[in-house]
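The primary structure of each chain is shown beneath.
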Amino acid sequence: MPALKHFHIYQRWGKKGYYRCTHSECSHYLHISLLDGKKSTCPLCHKEMILTKDMLRRAVPRCIYCSNTKFKGIRYTAMDLALELFTQE
Ligand SMILES: [Zn+2]
Ligand SMILES: [Zn+2]
């Protein structure tokens, strides 16, 4: 078997806050407290992404482009506003 080189696609696993990789030949798993900031693969568009706490609310974390657009819009507006306030003066 060739060595598996991929960024894991995480899926919530059990009830203790563990996530495991959905790849059929990968047995990797990690606790949610260690996943924040980790590189991962989006299960929908298969692009590389960095996991955030927001993404980890999902049973299967996905990238911001594949997330609910309404949610994304609200977040970005709030973020832009904060940035604007921050950069003024
Ligand atoms: Zn994996
Ligand atoms: Zn995606």
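Residues numbered from 1 in each chain as written. Chains lettered and ligands numbered in written order. Predicted model: local features only at pLDDT ≥ 70, side-chain atom pairs only at ≥ 80, totals over all residues. Heavy atoms only, no water.

Visitor: Describe the coordination of the zinc ion (ligand 2), listing the residues and the values that go with them.
Guide: Donor atoms from the polypeptide that bind the zinc ion (ligand 2) are Cys42 (SG), Cys45 (SG), Cys63 (SG) and Cys66 (SG), placed at 2.3 Å. Around the zinc ion (ligand 2), the 4 donor atoms are arranged such that angles at the metal cover 106 to 114°; this shape is classified as tetrahedral. Each donor residue of the zinc ion (ligand 2) lies on one chain, and together they are spaced C-x2-C-x17-C-x2-C. Taken together, the positions of cysteine 45 in the loop between β4 (39-41) and β5 (48-50) and cysteine 66 in the loop between β5 and α2 (69-87) put the pair 21 residues apart, joining distant regions of the chain. Classification of cysteine 45 as partly exposed rests on a relative accessible area of 30%. (Donors = N, O, S within 2.8 Å, 3.2 Å for Na, K, Ca; no water. Tetrahedral: all angles 85-135°; square planar, octahedral: opposite > 155°, others 65-115°. Helix = DSSP H or I, 4+ residues; strand = E, 2+ residues; numbered from the N terminus. Buried < 20%, exposed > 50% of the residue type's maximum accessible area, 1.4 Å probe, protein only.)

Visitor: For the pairing of strand β2 (residues 18-21), give the residues involved together with the corresponding values.
Guide: Residue alternation in β2 divides its side chains into a buried set, Tyr19 and Cys21, and an unburied set, Tyr18 and Arg20. Relative to β2, strand β1 (residues 10-13) runs antiparallel, the two being bridged by 4 bridges. Looking at β2, one finds that glutamine 11 is bridged to arginine 20. The loop that links β1 with its antiparallel partner β2 comprises 4 residues; one of these, glycine 14, has a positive phi angle of about 75°. One ladder, built from 3 bridges, connects β2 with strand β3 (residues 29-31); its direction is antiparallel. Residue pairing in the sheet places arginine 20 in a bridge with tyrosine 29 of β3. (Pairing = 2+ DSSP bridges.)

Visitor: Help me get a handle on the side chain of threonine 41, residues and values and all.
Guide: Relative to the elements of secondary structure, threonine 41 occurs in strand β4. A distance of 2.5 Å separates a polar side-chain atom of threonine 41 from the backbone oxygen of phenylalanine 7. Those residues within four positions of threonine 41 in sequence are excluded, and the remaining contacts are Phe7, His8, Ile9, His46, Lys47 and Met49. (Polar contact = N/O pair within 3.5 Å; in protein donor to acceptor, adjacent residues only side chain to side chain. Contact = heavy atoms within 4.5 Å.)

Visitor: Provide a residue-level description of the nonpolar core, including the pertinent values.
Guide: The tendency in soluble globular proteins is for nonpolar side chains to be buried side by side. Tyr10, Tyr19, Leu30, Leu35, Cys42, Met49, Leu51, Met55, Leu56, Cys63 and Cys66 form the largest nonpolar core, which has 11 residues in total. For cysteine 42, the residues in contact, after removing those within four places along its chain, are Lys47, Met49, Arg62, Cys63 and Cys66. (Core = buried A, V, L, I, M, F, W, Y, C linked by side-chain atoms within 4.5 Å.)

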